[in-house]
Amino acid sequence: MNATPPFKRLALIGFGLIGGSIARAARAQGLAGDIVITARSAQTRARVAELGIVDRVVETNAAAVQDADLVILCIPVGACGAVAQEIAPHLKPGVIVSDVGSVKGAIVRDMAPHLPKDVHFVPAHPVAGTEHSGPDSGFPELFINRWCILTPPEGTDPDAVERLRAFWAALGAKVELMTADHHDRVLAITSHLPHLIAYTIVGTADELAQVTSSEVINFSAGGFRDFTRIAASDPTMWRDVFLANKEAVLEMLGTFNEDLSKLTRAIRRGDGEALFEHFTRTRAIRRGIVDIGQDSAAPDFGRPHAQLAQRPD
Ligand code: NAP
């Protein structure tokens, strides 16, 4: 526990998976003297008050940022511009304003013009999540050993960047700095495209007339099941991600379609060598992810498996 918290007051706007996880971890680590939150709906605000994780739940964004030293927007990307405009007149000089949006170029474009010159704007993206959302979905360990990418615009005060870096490091994250543009291209291939593929394949299976839906569900362990987890992610968040990162996603999608055509051709021609070579290369990528501790090495993602009943002697 910190004797003197690095931030006197932390304000979180939005309390879902990410906001709720930040609040829980920041409290556990003693990173703020006071944690104030607000959320859009009265229902979420009431639930957060009931959970008793934060010091104060307030009704408006303006009230939340009052006197805060660190303000983090934990809301969908498409809502950040309007909220920045709303809070701007209520921000204390010297406050650090950040966010957690999965796209960064659009965040800078939408938020920066509204923020006063005497506040430090340091956009951030914790690359950590689950398919769950809402005030009960957060947990303090979410960011441990996961990356958090900061994309400070050119000329941002280095002290403010360092304070936010230390905040995320204290939540357990490994922190990296890059430009917003670079972030959006990297995330387009590592996160946005995989989500688009999962949304597509689950939708396609659902529409297949010749495979009954009960067969899709019964035989899902053949691979489909792993796509359904990703395709269960929050529709509002992902709608905003694709609208906000249009260019980079379309570019990666073009490359993906070319590669898919190559594999389609290999299947059509019965080119086993091409398929084998490709699958060997991708297997090595999976091993690399496990080796650097970004996923479990346990078979089947460590899912529990039922035991066979003992045969009577
Ligand atoms: P979430 O669990 O659905 O929570 C979203 C929060 O935003 C809720 O408090 C919600 O309020 C509020 N909200 C929704 N629409 C709003 C609007 N138009 N104006 C103001 N507030 C609004 O979402 P989340 O997963 O925490 O995602 C929040 C942000 O984190 C997104 O920008 C997302 O890109 C980013 N992110 C998500 C993940 C992930 O895996 N989920 C990972 C990294 C980053 P109510 O509860 O009152 O509706």
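Computed from a predicted structure; not experimentally measured. (Residues numbered from 1 in each chain as written. Predicted model: local features only at pLDDT ≥ 70, side-chain atom pairs only at ≥ 80, totals over all residues. Heavy atoms only, no water.)

### Some points on helix α4 (residues 80-87)
Line of reasoning, step 1. Of the positions making up α4, those classed as buried are C80, G81, V83, A84 and I87. All buried residues of α4 lie within an arc of 165 degrees about the axis, which places them on one face of the element.
Line of reasoning, step 2. Buried residues along α4 sit against β1 (7-13), α3 (61-65), β4 (70-73) and α5 (105-111). (Buried < 20%, exposed > 50% of the residue type's maximum accessible area, 1.4 Å probe, protein only. Helix = DSSP H or I, 4+ residues; strand = E, 2+ residues; numbered from the N terminus. Arc of directions from axis to C-beta. Contact = heavy atoms within 4.5 Å.)

### Points about the sheet that holds β4
Line of reasoning, step 1. The parallel open sheet is built from 6 strands, whose spatial order is β3-β2-β1-β4-β5-β6. This sheet does not close on itself; its edge strands, each paired only once, are β3 (56-57) and β6 (120-121).
Line of reasoning, step 2. Of the pairings in the sheet, the one linking strand β2 (residues 32-38) to β3 comprises 2 bridges and is parallel in character. Bridge pairing in β3 links V36 to R56.
Line of reasoning, step 3. Each of β1 and β4 is contacted by α4, which is oriented at about 150 degrees to β4, the strand it contacts most. (Pairing = 2+ DSSP bridges. Axes fitted to C-alpha atoms, helices over the stretch in contact; angles between N-to-C directions.)

### Observations concerning the site of the ligand
Line of reasoning, step 1. Surrounding the ligand, one finds 24 residues, the nearest of these being R40, S41, T44, I75 and S102.
Line of reasoning, step 2. Note that an oxygen atom of the ligand is positioned 2.7 Å from one of the backbone N or O atoms of S41.
Line of reasoning, step 3. Here the ligand has 900 Å² of accessible area as a free molecule, and 84% of this is covered by the chains.
Line of reasoning, step 4. Contributing elements (two or more residues each) for the shell around the ligand: α1 (17-29) and β7 (124-127).
Line of reasoning, step 5. Of the residues assigned to the shell around the ligand, the class counts are 12 nonpolar, 11 polar and 1 charged. (Near = heavy atom within 4 Å. Polar contact = N/O pair within 3.5 Å; in protein donor to acceptor, adjacent residues only side chain to side chain. Areas by Shrake-Rupley, 256 points an atom, 1.4 Å probe, with all protein chains shown as cover. Nonpolar A, V, L, I, M, F, W, Y, C, P; charged D, E, K, R; others polar.)

### Some details on the packing of helix α7 (residues 180-207) against helix α11 (residues 246-269)
Packed helices, taken two at a time, are described by their axes: the angle between them and the distance between them.
Line of reasoning, step 1. At a closest axis distance of 9 Å, the pairing of α7 and α11 adopts a crossing angle of 65 degrees. The orientation of α7 relative to α11 falls into the category roughly perpendicular. Handedness of the crossing formed by α7 with α11: right-handed. For the pair α7 and α11, the contacting residues are D184, R185, A188, I189, H192, L193, L196 and I197 in the first and A248, V249, E251, M252, L253 and F256 in the second.
Line of reasoning, step 2. Classifying every residue of the contact of α7 with α11 gives 10 nonpolar, 1 polar and 3 charged. (Parallel < 35°, antiparallel > 145°, perpendicular 65-115°, else oblique. Left-handed = near helix turned anticlockwise from the far one by under 90°.)

Note that every value here comes from positions in space, so none of it alone points to a role or purpose.
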